[in-house]
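# Coordinate analysis (summary)
One-letter residues, chain by chain:
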Amino acid sequence: MKNTISTVHFSLLKKLFHFINPLVRLGERKYSYFLPLFVTITIATLSEFFIISVFNNPELRGLIAIFMFISIILYFSLRDGLKGGFTSATVTILYYLYIVYDQGETRESIQTIALFGLIYFAIAGIIGWLRQSIDRLIEKETDDRRRLNVVIEQLPVGVIINDKDGSVEFANKQAENILGVKIPIGYQIYQKPLVKTTYLGKPVASSKTIFAQHLKSTKPIIGREYEVYRPDGKKVYIQSNSSAILNRKGEVIATASIFNNITEQKEAELRKDDFVNMASHELKTPLTSMQLYVDTLASSIKKSNNSKTSKLVTGIKLQINRLQKLVAELLDVSRLQTGRLTYSKEKFILDDLILDAIETLEATKKQKRIEFTSHYKGNLIADKFRVTQVLNNLLTNAIKYSPENTKVIVKTKRTDGFALVSVKDFGIGIDKTQHKKIFDRLYQVTDKYEKTFPGLGMGLYISKEIIKTHRGKIWVESKKGKGSIFYFSLPIAKE
Ligand code: ADP
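### A look at the overall build of the protein
Counting its regular elements, the protein contains eleven helices and 14 strands. In terms of C-alpha radius of gyration, the protein reaches 41 Å, well past the compact-globule figure of 23 Å for 495 residues. Taken along its principal axes, the extent of the C-alpha atoms in the protein is 145 × 55 × 50 Å. With 495 residues in all, the protein has 38% of them scored as buried.

Set out below in structure tokens:
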């Protein structure tokens, strides 16, 4: 019972404070004449009554009147802008005139009132104008925000804005639709995620959330894909772009995440990857058998000394090799997509690996055009088979994309804890705009001239992934028509 009474008192007090607080309706631009008029007249009447009956001191009457009415004018200009300030000031001046009239007016007292009037109206003018300007500014900002909110609500992507402490400041309907949950404003989304999310198959740790990362670095995070497990049991894939919002001092004040539902596209991709994986597995077995049959056939033809048939069989072998290489690349791409490409590291001498690769390649291509200069004689600890695959790919490309009578130059050197390998050719070269793209999956430079080269655009993608897993780098320097130099670096293990 006592409790209910005190709650009622408290809420009444709160309401009263709310009513009295001159700044509570900031931005609303609702100014009243009535309240300033009513309150100032009431206070003038009451003060007249109390000051005369209680103090009976005309000097004190003047002094109290000055302070009290300045406060009232200040209060109402702050509360009701110019309307409030001027109304209070007018009533005050009328009241002063009445006092002067009551005390027997003199020329001097009229002059004093005129001076006070000037000061009071100036105060009411300045404070009232300030209040109205602030209101206009706030209104403009609120309108801008409303406009922006309407735009964000219409977007076909999810948008969540968090303040610097990680609580939700804004989330649009689409964000709730994609994640399948209500997102309450003020919710501490990063302390207690609304939905279970994984990145590359692993649950997202709180130190790895976009929010946590933006507190460390203000760089935008673009195109990151997450799997989201919605409360209704559905699994959706989202692609998110996010960035930190900074204040003028460059401090993070909020983070904004924009995400897309890419489930359909992702599932189609997964189906395609599954198909490629299955198809390449299915192709591998008959190809291996074919190779065995052709090898047997080749050796029996060799015995019978039939050079024409021998040539044909060599041709078949070459085509089978090409098919096997393509199938192996397809399998690698599909394994990379599903994270199933495994690596087994061992220690080896880089020079030996390069010399072996050159020798095998020159033997199969039946041409000698690769020169090798080594400035790093040391070891590497890496997956030998995969590093050979990268080198083979660069060498085959160098041969494929340059005229037969030109050289291919391989060099190695040591730079800051890395072994650097370069493969230089004097062939068709690559335009600067393509330098990054050629390392993408299934990307081939296509123009009238280059279409004549066979290939599927998988080699450099696989090479990039292999080098990336070894914590190295791969890149190209090239100009169209001026040949290319492909580089890759691998960390030298500390002995
Ligand atoms: P592909 O099987 O098509 O050779 P890659 O992934 O190995 O696939 O290469 C991707 C593309 O990069 C090629 O299609 C080609 O256009 C370009 N490229 C690669 N190496 C060279 C090179 N040495 N000179 C010119 N273009 C090259």
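### Digging into the sheet that holds strand β3 (residues 196-199)
Strand order in the open sheet formed by seven strands is β2-β1-β7-β6-β5-β3-β4, and the pairing between neighbours is antiparallel. Here the strands that pair on one side only, and so sit at the sheet edges, are β2 (168-171) and β4 (202-203). Relative to strand β6 (residues 235-246), strand β5 (residues 221-229) runs antiparallel, the two being bridged by seven bridges. Across the sheet, residue Glu225 finds its bridge partner in β6, namely Gln239. On top of the sheet, helix α7 (residues 263-304) reaches β5, β6 and β7 (252-261); it is set at about 125 degrees to β6, its chief contact.

### Overview of the site of the ligand
Surrounding the ligand, one finds 21 residues, the nearest of these being Asn397, Tyr401, Asp425, Gln444 and Leu460. One nitrogen or oxygen atom from the main chain of Val445 is found 3.2 Å from an oxygen atom belonging to the ligand. Within the backbone of Gly459, an N or O atom sits 3.3 Å from an oxygen atom of the ligand. Its free accessible area being 530 Å², the ligand has 97% of it covered by the protein chains. Of all the secondary structure elements, the ones that give two or more residues to the shell around the ligand are α10 (384-400), α11 (459-469) and β14 (484-491). A total of three residues in the shell around the ligand trace back to one element, the largest contributor, which is α10. In the shell around the ligand, the residues fall into ten nonpolar, eight polar and three charged.

### Structural notes on the layout of surface pockets
Of the pockets and cavities examined, the second largest pocket occupies roughly 1,100 Å³. Around the second largest pocket, the lining is made up of 30 residues, and of these Leu200, Glu225, Lys266, Leu336 and Gln337 lie nearest the centre. Looking at the lining of the second largest pocket, the elements that each hand over two or more residues are β5, β6, α7, α8 (307-337) and α11. Residue composition of the lining of the second largest pocket, by class: ten nonpolar, eight polar and twelve charged.

### A short note on the pattern of salt bridges
All chains considered together, the criterion is met by 23 salt bridges. Note that Glu371 and Lys407 form a salt bridge whose closest N and O atoms lie 3.5 Å from each other. With Glu371 in strand β9 (residues 370-374) and Lys407 in the loop between α10 and β11 (408-415), the pair connects residues that are 36 residues apart, well separated along the chain. Given the relative accessible area of 35%, Glu371 is considered partly exposed. Among the residues examined, Lys407 registers a relative accessible area of 42% and is labelled partly exposed. A single network of salt bridges, built from pairs that share partners, joins Arg25, Arg79 and Asp80.

### Things to note about the nonpolar core
In terms of nonpolar packing, the biggest core is built from 42 residues, with Leu391, Leu395 and Phe488 touching the most fellow members. The greatest single-element share of this core, amounting to seven residues, is contributed by α10.

### A closer look at the sheet that holds β14
Here we have five strands laid out as an open sheet, ordered β9-β11-β12-β14-β13, and mixed in their pairing. The open sheet terminates on both sides in strands that have one partner only, identified here as β9 and β13 (473-478). When the angles between neighbouring strand axes are averaged without regard to direction, this sheet yields 15 degrees. Contacts between helix α9 (residues 350-365) and the sheet are confined to β9, β11 and β12 (418-425), with β9 contributing the most and set at about 175 degrees to the helix.

### Observations regarding the pairing of strand β1 (residues 158-163)
Burial within β1 is extensive, with six of its six residues counted as buried. Bridge analysis of β1 against β7 gives six bridges, and the strand direction is antiparallel. Residue pairing across strands places Gly158 opposite Phe259, the latter belonging to β7. Here β1 runs beside β2; their pairing, made up of three bridges, is antiparallel. Note on β2: the bridge partner recorded for Ile160 is Ala171. The turn joining β1 and β2, which pair antiparallel and follow one another in sequence, is formed by four residues; a positive phi near 95 degrees is taken by Gly166.

Rules used in this analysis
- Residues numbered from 1 in each chain as written.
- Predicted model: local features only at pLDDT ≥ 70, side-chain atom pairs only at ≥ 80, totals over all residues.
- Heavy atoms only, no water.
- Helix = DSSP H or I, 4+ residues; strand = E, 2+ residues; numbered from the N terminus.
- Rg over C-alpha atoms; globule rule 2.2 N^0.38 Å.
- Buried < 20%, exposed > 50% of the residue type's maximum accessible area, 1.4 Å probe, protein only.
- Pairing = 2+ DSSP bridges.
- Contact = heavy atoms within 4.5 Å.
- Axes fitted to C-alpha atoms, helices over the stretch in contact; angles between N-to-C directions.
- Near = heavy atom within 4 Å.
- Polar contact = N/O pair within 3.5 Å; in protein donor to acceptor, adjacent residues only side chain to side chain.
- Areas by Shrake-Rupley, 256 points an atom, 1.4 Å probe, with all protein chains shown as cover.
- Nonpolar A, V, L, I, M, F, W, Y, C, P; charged D, E, K, R; others polar.
- 1 Å grid on protein atoms, 1.4 Å probe; cavity = no way out; pocket = protein on both sides within 12 Å on 5 of 7 lines; lining within 4 Å.
- Points joined across faces, edges and corners; volume = space filled by probe spheres on them.
- Salt bridge = Lys/Arg side-chain N within 4 Å of Asp/Glu carboxyl O.
- Core = buried A, V, L, I, M, F, W, Y, C linked by side-chain atoms within 4.5 Å.

This is a description of form; function is not addressed.
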